[in-house]
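Structural features, examined
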Amino acid sequence: MNQAKHIAIIMDGNGRWAEAQGKKRIKGHEAGAKVVKEITTYCSNSQDIERLTLYAFSTENWKRPRLEVEFLMKLLDNYLKNELEVYLENNVRFEPIGDIRAFSKSLQKTIAMVQKETSHCDGLIQSLALNYGAQDEMIRAINTLKNQEGDITPEMFSNTLDCKHDVDLLIRTGGDKRLSNFLLWQAAYAELFFTNTLWPDFSTKELEKIIKKFNKVERRFGGLK
Ligand code: FPP
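Let us look at the structure shown here.

1. So, the overall build of the protein
Across its full length, the protein holds 7 helices and 6 strands. Of the regular secondary structure in the protein, the N- to C-terminal order runs β-α-α-β-α-β-α-β-α-α-β-β-α. Taken over C-alpha atoms, the radius of gyration comes to 17 Å for the protein, in line with the 17 Å a tight globule of 225 residues would show. Oriented by its inertia axes, the alpha-carbon framework of the protein measures out at about 55 × 40 × 35 Å. Counting the 225 residues in the protein, one finds 49% classified as buried. Sequence-distant contacts, at least 24 apart, represent 75% of the contacts inside the protein between residues at least 6 apart. When the accessible surface of the protein is totalled, it reaches about 12,200 Å², and 50% of it is carbon and sulfur. Each charge class in the protein was averaged separately, 33 positive and 31 negative side chains, and the resulting centres sit 5 Å apart.

2. What to know about the packing of aromatic side chains
Under the criterion given, the structure shown has 10 aromatic pairs. Consider the rings of Trp 62 and Phe 103, whose centres lie 5.8 Å apart with planes at 55°: the pair is tilted. Linking Trp 62 in the loop between strand S2 (51–58) and helix H3 (66–89) with Phe 103 in the loop between strand S3 (93–94) and helix H4 (105–117), this pair joins segments that are 41 residues apart in sequence. Here Tyr 87 and Phe 94 contribute two aromatic rings whose centre-to-centre distance is 5.8 Å and whose plane-to-plane angle is 55°, an arrangement assigned as tilted. Side by side, Tyr 87 and Phe 94 carry an identical accessibility label, which is buried.

3. Some thoughts on the packing of helix H2 (residues 25–44) against helix H7 (residues 204–216)
Interaxial distance between H2 and H7 falls to 10 Å at its minimum, and their mutual angle equals 50°. One element, H2, and the other, H7, form an angle in the oblique class. The chirality of how H2 crosses H7 is right-handed. Contacts from Glu 38, Ile 39, Tyr 42 and Cys 43 in H2 reach Thr 204, Leu 207 and Glu 208 in H7. Each residue belonging to the contact of H2 with H7 can be placed in one class, and the counts come to 4 nonpolar, 1 polar and 2 charged.

4. Some thoughts on the pairing of strand S4 (residues 125–132)
The element S4 is largely enclosed, with a buried count of 8 among its 8 residues. In terms of strand pairing, S2 meets S4 through 7 bridges, oriented parallel. Bridge pairing links Phe 57 to Leu 130 in S4. Bridge analysis of S3 against S4 gives 2 bridges, and the strand direction is parallel. Bridging across to S4, Phe 94 finds its partner in Gln 126.

5. As for unusual backbone geometry
One non-glycine residue, Ser 180, lies in positive phi territory at about 45°. Among the residues examined, Ser 180 registers a relative accessible area of 29% and is labelled partly exposed. In this structure, Asn 181 takes a positive phi of about 65° despite not being glycine. By the element assignment, Asn 181 lies in the loop between strand S5 (169–172) and strand S6 (191–194). Look at Asn 181 and you get buried, because its relative accessible area is 12%.

6. A few points about the sheet that holds strand S1 (residues 6–10)
Think of a sheet as strands paired side by side through backbone hydrogen bonds, with each pair either parallel or antiparallel. Strand order in this open sheet of 6 strands is S3-S4-S2-S1-S5-S6, and the pairing throughout is parallel. What marks the edges here is a single partner per strand, and that holds for S3 and S6. Summarising the sheet, S1 and S2 pair through 5 bridges and their orientation is parallel. Opposite Ile 9, over in S2, you have Leu 54 as the bridge partner. Against the sheet, H2 touches S1, S2 and S4, its axis set at about 160° to S2.

7. Some details on the pattern of salt bridges
Considering all chains together, one arrives at 16 salt bridges under this definition. One salt bridge in this structure joins Asp 12 and Arg 172, with 3.0 Å as the shortest N-O distance. Of this pair, Asp 12 sits in the loop between S1 and helix H1 (14–20) while Arg 172 sits in strand S5; the two residues are 160 residues apart in sequence, bridging distant segments of the chain. Given a relative accessible area of 19%, Asp 12 falls into the buried group.

Each value, and the rule that gives it
- Residues numbered from 1 in each chain as written.
- Predicted model: local features only at pLDDT ≥ 70, side-chain atom pairs only at ≥ 80, totals over all residues.
- Heavy atoms only, no water.
- Helix = DSSP H or I, 4+ residues; strand = E, 2+ residues; numbered from the N terminus.
- Rg over C-alpha atoms; globule rule 2.2 N^0.38 Å.
- Buried < 20%, exposed > 50% of the residue type's maximum accessible area, 1.4 Å probe, protein only.
- Contact = heavy atoms within 4.5 Å.
- Areas by Shrake-Rupley, 256 points an atom, 1.4 Å probe, with all protein chains shown as cover.
- Lys, Arg positive; Asp, Glu negative; His and termini not counted.
- Charge placed at Lys NZ, Arg CZ, Asp CG, Glu CD.
- Phe/Tyr/Trp six-rings, centres within 6.5 Å; stacked < 30°, edge-to-face > 60°.
- Axes fitted to C-alpha atoms, helices over the stretch in contact; angles between N-to-C directions.
- Parallel < 35°, antiparallel > 145°, perpendicular 65-115°, else oblique.
- Left-handed = near helix turned anticlockwise from the far one by under 90°.
- Nonpolar A, V, L, I, M, F, W, Y, C, P; charged D, E, K, R; others polar.
- Pairing = 2+ DSSP bridges.
- Salt bridge = Lys/Arg side-chain N within 4 Å of Asp/Glu carboxyl O.

By themselves these figures say nothing about function.
So, in structure tokens, the structure goes:
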């Protein structure tokens, strides 16, 4: 039986969830943040799941209206400060991926603080992808490695990426079937699950169902059975 040791999620559909209820899009992000907490807590209680990587803000999300971007930054800052206690209670280590140098100094400080305070936790590793894009991540790795002597091996490349771990199960909520520049290297052999559920409606029950299906998939990694 497959084990979903590393689960990655594209949390899509916050805006549509809010708009369907006649609310402002930001209300969808607020509701989405609650689901982040619920899913993280669930994963931290699972024996099998070691890593949960969540796409919280992409390198392309800057194109959104200024007020929405500002709201997302504030929400993230509040989330991290408020959830520190929950991370510690659940023994969750927080590890951001992405190029956070583009964020305000105060948000960078919050991110570094939560990372430091949870660095001793040895349960689930929750990675939030922040100003993350797989192409940007790969280009940064190439620039780091370009002056190395000799050939670059896949292991060297992988170890230079922000996220150094292959994904087992990649889930996208919100109905679209694309990867949107998320973990393109690490998801090379990931099983992909797409659900129409909008992120604020996603639940631990649905995650459990997806994991059960994943457990039964035959993974061959390019080989034969
Ligand atoms: C997509 O919804 C979601 C995002 C742009 C970011 C995800 C953000 C959250 C889940 C909330 C904050 C997260 C944390 C960790 C505090 P969308 O706006 O693209 O939805 P739409 O496709 O319906 O417009």
